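Single-letter residue listing:
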Amino acid sequence: MSAQAVSVGGLSLKNPVLVASGTFGYGREFAPLFDLSRLGGIMVKGVSVTPWAGNAGVRVAETESGMLNAIGLQNPGLQHFLDVDWPWLRRFDTAVVVNVVGHSVAEYVAVTEAVTAAGVGAVELNVSCPNIADGLVFGTDERALFGLVSAVRKVTALPLIVKLSPNTSGPLPYARAAVEAGADALSLINTVLGVAIDRNSGQTVLGNRTGGLSGPAIRPIALRFVLEVAAALPVDLIGMGGIATAQDAVSFLQAGAGAVAVGTALFRDPWTALRIIDELPAALSTAGYQTVDEAVGRAVRQERERRDGRGRS
Ligand SMILES: Cc1cc2nc3c(=O)[nH]c(=O)nc-3n(C[C@H](O)[C@H](O)[C@H](O)COP(=O)(O)O)c2cc1C
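These numbers come from a predicted model, not from an experiment.

Colleague: Break down the sheet that holds strand E12 (residues 210-214) for me, with residues and values.
Modeller: With antiparallel pairing, the four strands of this open sheet are ordered in space as E5-E6-E12-E11. Two strands close off the open sheet at either side, each with one partner strand: strand E5 (60-63) and strand E11 (192-195). For this sheet, the mean inter-axis angle between neighbouring strands, taken without regard to orientation, is 35 degrees. Judged from the four bridges that link them, E5 and strand E6 (residues 66-69) form a sheet pairing that is antiparallel. Residue pairing across strands places Glu62 opposite Met67, the latter belonging to E6.

Colleague: Lay out the nonpolar core with the relevant residues and their values.
Modeller: Core analysis: the largest hydrophobic core is formed by 102 residues, its most contacted members being Leu186, Val226 and Ile238. Top element by residues in this core is helix H5 (residues 219-232). It accounts for seven residues. Once you skip the residues sitting within four places of it in the chain, Leu186 turns out to touch Ile161, Val162, Leu164, Ala175, Ala178, Val229, Val235 and Leu237.

Colleague: So, the site of the ligand: which residues are in play, and what are the values?
Modeller: The full set close to the ligand counts 25 residues, and Gly22, Gly46, Ser214, Gly263 and Thr264 are the nearest of them. Class assignment for the residues of the shell around the ligand results in eight nonpolar, 15 polar and two charged.

Colleague: Quick rundown of the packing of H5 against helix H6 (residues 246-255)? Include the residues and the values.
Modeller: The axes of two packed helices give the description: the angle between them and the distance between them. Contact geometry for H5 and H6: axes closest at 8 Å, N-to-C directions at 25 degrees. Judged on the interaxial angle alone, H6 and H5 are roughly parallel. Contact residues: Arg219, Leu223, Val226, Leu227 and Ala230 in H5; Asp248, Ser251, Phe252 and Ala255 in H6.

Colleague: I'd like a rundown of unusual backbone geometry, residues and numbers included.
Modeller: Along the chain, Gly57 connects to Val58 via a cis peptide bond; the corresponding omega equals -5 degrees. Of the consecutive residues Leu188 and Ile189, the connecting peptide bond is found in the cis state with omega at 15 degrees. Here Ile189 is to be found in the loop between strand E10 (185-188) and E11. Non-glycine residue Leu73 carries a positive phi angle of around 60 degrees. If you trace the backbone, Leu73 turns up in the loop between E6 and helix H1 (78-89). Taking the C-beta count within 10 Å as the criterion, Leu73 has 22 such neighbours and is therefore assigned buried. Despite not being glycine, Arg209 has its phi angle at roughly 75 degrees, a positive value. Tracing the backbone shows Arg209 in the loop between E11 and E12. On the basis of neighbour counts, which here come to 12 C-beta atoms within 10 Å, the residue Arg209 falls in the exposed class.

Conventions used here
Residues numbered from 1 in each chain as written. Predicted model: local features only at pLDDT ≥ 70, side-chain atom pairs only at ≥ 80, totals over all residues. Pairing = 2+ DSSP bridges. Helix = DSSP H or I, 4+ residues; strand = E, 2+ residues; numbered from the N terminus. Axes fitted to C-alpha atoms, helices over the stretch in contact; angles between N-to-C directions. Core = buried A, V, L, I, M, F, W, Y, C linked by C-beta atoms within 7 Å. Buried ≥ 20, exposed ≤ 12 C-beta atoms within 10 Å, placed from the backbone. Contact = placed C-beta atoms within 7 Å. Near = placed C-beta within 6 Å. Nonpolar A, V, L, I, M, F, W, Y, C, P; charged D, E, K, R; others polar. Parallel < 35°, antiparallel > 145°, perpendicular 65-115°, else oblique.

What follows is the structure in structure tokens.
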């Protein structure tokens, strides 16, 4: 096993760097640029039972340190994924994680059952989209979340990842509910609710009024969510939120994530994930680690030692 290989929630990755859902489509636009097999994994755009049209424009707005989006989970639907995207994607030697969305438990279950039968690598339940009317129903109600994850758990033996929202007062109640219902791993975080106002018209820029903030601005929030969950629960984590450099990735590993995903940074430089994969060994060794596993949870251990009164190690 190479020093870069990791396992997260039972999902084996050749390296700990994935690309985040919704920022890489189903991979086609990136395939002419580099070999997708170099990625640790691809978290595809959300897949729903039927095609979803998404929100009316304007759908994106740039900010000083990130972007707001209100795409609204536009996607061509499950059948298109099974007929067109999966047969094309499966040729690459990388873990394919299907991001699943739905308006009801039955819809999440139907998509999960179908992609499990198709043989994808893992399922990631998106319960944290701030850009559709009912996108946060499951992600901000522990009982609803427990019910959803329990139902999905019954129909798949694949690694089951639940993607949590930062639009709550903290991750722990939701992380606990997901883990107790059978989640193998959590991904943290989805986008942070925000608004952009057009200075000339005085109106909201986005057609949906609110959008999800991503990029460097949310990195400290994401690190907080990862650290809090890692310190409290024995569950594997995939960290995401503003990761743009190998040093950013190391920070997420130290906070307790077993792997990371690169999202918005890809819009500025589509090779960002590859650069991080190439530079990670040097960044780890500069920080004093030989392997990814050595780095994981470093900050968590320090936090526990501080809590136990043993000071910094
Ligand atoms: C344009 C856009 C579309 C997204 N679509 C999805 C999606 O379909 N499902 C999902 O779980 N997250 C989606 N996300 C959230 C990202 O996967 C990621 O969690 C978030 O953007 C934080 O990472 P980043 O700051 O590196 O982008 C989307 C983000 C962006 C910017």
